[in-house]
Amino acid sequence: MGEASQTLDGWFCLHDLRKIDWASWKKVPSEERQSMIHEFLNMLESWQTVEDNKTGSHALYTIVGQKADIIMMVLRPNMQELNDVETAFNKLKLADYTIPSYSYVSVVELGNYMPPKDGSDPLDSPEIRERIFPILPKWNHICFYPMDKKREGSDNWYSLPMKERRELMRAHGMTGRKYAGKIKQIITGSTGLDDWEWGVTLFAHEALQFKKLIYEMRFDEVSAKYGDFGQFFVGNILPPEKVEAFLHV
Ligand code: VOV
């Protein structure tokens, strides 16, 4: 039987996707809408303070297509704080005009397939700390999807020996490295936390790079043979200064 890979786990992560109830929103008098937008912007400012203090991070994007209108991705040191952020959003007046469309709970994860060569404590490495406690990039586009590794007949990731999994992950990493500077990936583990085993969140300057990377990875054995994927969500950055225009009706 396979040996479990040890993981380094960082910040907890919530992907919260909402639709805007545009029909109801349009009926709200403009002054009230303004005040709700203002209240939401104040919340974003408080999230920014957390990020500036490096005690969490967040990303706000609009979603293209009918699955959702916005995605809020929030990172916090523990599940309680994550829940607090979610509850605080739900208490905003604006939340009454949103419809939950998908959510995902996970924790930023780094596997030990490529351990430090000198045997040092990975948590002493600033590079590793930056990966498990990441400040999310403010790049133009986001792509998020959950995934599993298969356990079907002979295609069972979990019964492969560590050596073989390491080799497959090495090849996966080599494909990913070709996209350095074009795509930033945040892998969050969710076994026991949500319906799938991992959340994959990608950030890119150009949306086409998602298609190129994910297509190329389909040919890596680890994805071709063992990858099972959930729904894909893709979208555009929504910086605070554009929130008002986005919600303008
Ligand atoms: C920019 C692209 C990029 C790069 C450089 C990259 C590199 C790496 C490395 C080096 C490692 C192993 C160590 C670790 O960090 O855990 C991983 C790990 C992982 N990856 Fe990855 N990945 C990328 C990108 C990338 C994508 C696009 C996907 C989705 C797969 C697809 O087909 O749609 C993915 C998935 C994963 C997963 C689920 C894991 C955990 C697997 C496990 O069994 O534990 N990943 N990944």
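Since the structure is predicted, the reported quantities are computational estimates derived from the model, not experimental observations.

Reading the values: the criteria
- Residues numbered from 1 in each chain as written.
- Predicted model: local features only at pLDDT ≥ 70, side-chain atom pairs only at ≥ 80, totals over all residues.
- Heavy atoms only, no water.
- Helix = DSSP H or I, 4+ residues; strand = E, 2+ residues; numbered from the N terminus.
- Rg over C-alpha atoms; globule rule 2.2 N^0.38 Å.
- Buried < 20%, exposed > 50% of the residue type's maximum accessible area, 1.4 Å probe, protein only.
- Contact = heavy atoms within 4.5 Å.
- Areas by Shrake-Rupley, 256 points an atom, 1.4 Å probe, with all protein chains shown as cover.
- UniProt positions renumbered as here; feature names shortened; annotations may be inferred.

**Some thoughts on the overall build of the chain**
Argument step 1. Scanning the chain from N- to C-terminus turns up eight helices and eleven strands.
Argument step 2. Here the C-alpha atoms of the chain give a radius of gyration of 19 Å, agreeing with the 18 Å that 2.2 N^0.38 yields for 249 residues.
Argument step 3. Dimensions of the chain, computed from C-alpha atoms along their principal axes, come out at roughly 60 × 35 × 30 Å.
Argument step 4. For the chain, the residues scored as buried account for 43% of the 249 residues in total.
Argument step 5. For the chain, contacts bridging at least 24 residues in sequence account for 79% of all contacts bridging at least 6.
Argument step 6. Of the roughly 13,400 Å² of accessible surface on the chain, 52% is carried by carbon and sulfur atoms.

**Describing the UniProt feature "binding site: Fe-coproporphyrin III" (unreviewed entry) in the chain**
Argument step 1. Within the UniProt annotation, "binding site: Fe-coproporphyrin III" (unreviewed entry) is assigned to Arg 131, Tyr 145, Pro 146, Met 147, Asp 148, Lys 149, His 172, Gln 185 and Ser 223.
Argument step 2. What makes Lys 149 buried here is its relative accessible area of 9%.
Argument step 3. Along the polypeptide, His 172 turns up in helix α5 (residues 162-177).
Argument step 4. Given a relative accessible area of 25%, His 172 falls into the partly exposed group.

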